[in-house]
Amino acid sequence: MACIQIQRFSLYKQIELFQGTQAFMRDKIGKAAADKFFGEGYYVVAMGANDFINNYLLPVYSDSWTYTGDTFVKYMVSTLEAQLKLLHALGARRLTFFGLGPMGCIPLQRYLTSSGGCQESTNKLARSFNTQAAALLERLSASLPNATFRFGEAYDYFQDIIDRPYMYGFNNSRAPCCTLGRIRPTLTCTPLSTLCKDRSEYVFWDEYHPTDRANELIALETLRKLNITVVNNGTSG
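Asks: Account for the overall build of the chain, naming residues and giving values.
Replies: The number of helices and strands found in the chain is nine helices and nine strands. Against the globule reference of 18 Å for 237 residues, the chain gives a C-alpha radius of gyration of 19 Å, in line with a compact fold. C-alpha atoms of the chain, sized along the principal axes, occupy 60 × 45 × 35 Å. The proportion of buried residues among the 237 residues of the chain is 41%. The contacts of the chain with a sequence gap of at least 6 include a subset with a gap of at least 24, amounting to 67%. When the accessible surface of the chain is summed, it comes to about 13000 Å², and 55% of that surface belongs to carbon and sulfur atoms.

Asks: For the state of the cysteines, give the residues involved together with the corresponding values.
Replies: For the coordinates displayed, the defined rule picks out three disulfides. Put simply, C105 and C118 are joined by a disulfide, and their sulfur atoms are 2.1 Å apart. Its S-S torsion of about 115° marks the bond between C105 and C118 as right-handed, since a negative value means left-handed. Pair noted here: C105 is in the loop between β2 (94-98) and α6 (107-111) and C118 is in the loop between α6 and α7 (120-143), with a separation of 13 residues, a long-range link. A sulfur-sulfur separation of 2.1 Å characterises the disulfide bridge that pairs C177 with C196. Its S-S torsion of about -90° marks the bond between C177 and C196 as left-handed, since a negative value means left-handed. In this pair, C177 is assigned in the loop between β4 (172-176) and β5 (178-179) and C196 in the loop between β6 (194-195) and β7 (202-204), connecting sequence segments 19 residues apart. Across the chain, the disulfide pattern expressed with sequentially numbered bonded cysteines is 1-2, 3-6, 4-5.

Asks: Quick rundown of unusual backbone geometry? Include the residues and the values.
Replies: At N146, a position not held by glycine, the phi torsion is positive, near 60°. Topologically, N146 is positioned in the loop between α7 and β3 (148-152). Positive phi values are uncommon outside glycine, yet N227 reaches one of about 60°. Residue position: N227 is located in the loop between α9 (212-225) and β8 (229-231). Relative accessible area serves as the criterion here: at 60%, N227 is assigned to the exposed category.

Asks: Break down the sheet that holds strand β1 (residues 42-46) for me, citing the residues and quoting the values.
Replies: The strand order across the open sheet formed by three strands is β1-β2-β3, and the pairing between neighbours is parallel. Of all strands in the sheet, those with a lone pairing partner are β1 and β3, marking the two edges. For this sheet, the mean inter-axis angle between neighbouring strands, taken without regard to orientation, is 20°. The pairing of β1 with β2 spans five bridges and is classified as parallel. Among the inter-strand pairings, A46 is bridged to a residue of β2, identified as F98. Across the sheet, helix α5 (residues 69-89) is in contact with β1, β2 and β3; its angle to β2 comes to roughly 155°.

Asks: A description of the pattern of salt bridges should follow, citing residues and the corresponding values.
Replies: A full pass over the atoms with the stated rule returns ten salt bridges. D160 serves as the salt-bridge partner of R164, at 2.9 Å between the closest nitrogen and oxygen. When its relative accessible area of 40% is taken as the criterion, R164 is described as partly exposed. For D160, a relative accessible area of 21% corresponds to the partly exposed category. The network of salt bridges with common partners includes R26, K31 and D35.

About the thresholds
- Residue numbering note: each chain is counted from 1, following its sequence as written.
- For this predicted model, a pLDDT threshold of at least 70 governs which residues receive local features, and a threshold of 80 or more governs which side-chain atom pairs are given and counted, while totals over whole chains, interfaces and linings are taken from all residues.
- Calculated side-chain values reflect all of the structure's heavy atoms, with hydrogen atoms and water omitted.
- Secondary structure elements are taken from DSSP: a helix is a run of H or I of four residues or more, a strand is a run of E of two residues or more, and numbering for both begins at the N terminus.
- A radius of gyration in this sense is built from C-alpha atoms; the matching globule rule multiplies 2.2 Å by the number of residues raised to 0.38.
- Under the scheme applied here, a residue whose accessible area is under 20% of the maximum for its type counts as buried, over 50% as exposed, and between as partly exposed, the area being computed with a 1.4 Å probe on protein chains only.
- Contact criterion: two residues are considered in contact whenever any of their non-hydrogen atoms come within 4.5 Å of each other.
- Each accessible area value is a Shrake-Rupley result obtained with a 1.4 Å probe; residue values ignore everything except the protein chains displayed when judging cover.
- Throughout, a disulfide means two cysteine sulfur atoms within 2.5 Å of one another.
- Two strands qualify as a pair provided DSSP detects at least 2 bridges between them.
- Here an axis means a line fitted to C-alpha atoms, over the contact stretch when the element is a helix, while the angle between two N-to-C directions is reported on a 0 to 180 degree scale.
- Basic side-chain nitrogens of Lys or Arg form a salt bridge, by our definition, when they fall within 4 Å of a carboxyl oxygen of Asp or Glu.

Pasting the structure below:
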């Protein structure tokens, strides 16, 4: 899986680095204590948006003409399955995988339409991926020894924030807070960027990412669906 613009680590690379961390911990506290620590940990995995937005949906990459939307989603899910099985083999027993939001409604995708509306074809990819990923998590949780793998979903909630921002205390769900004057798309914030007066009134920080306040609302809703209660900056459940 690949993306452009800013260097990122693939999930496989992150797992490789995790293996290095495991080796370091075993050297420090011993194999038995380290294995217990990693076995009791709570793992959070999130991936997929960049693989679509900055890879499959860009015609400069071969994936955009090698795969159809359906086959690319299947490829993504099969790759995720191998990665989650690898994490399980490394000791992960409690894991939550977070699904995709309405990618077609991010400011970048809106800007690329003549109407300024959401790109339904992109949102359809996100929903298809979420459906298949959720089924995968359920299947792995039932088949892998001692595994509790869960799917965290807030697509509809995020869509409602975008569709009815005023109900959540926002006044703009279409444009990013961080821009470069009238030049768009600016993709990410830079030292030359101009910021909105109050970022808490915006759903999106830049062309891709929600603001802190929007992220907090989405996170709390996801935790609610997982029956995890937030208590004094901690969690229980």
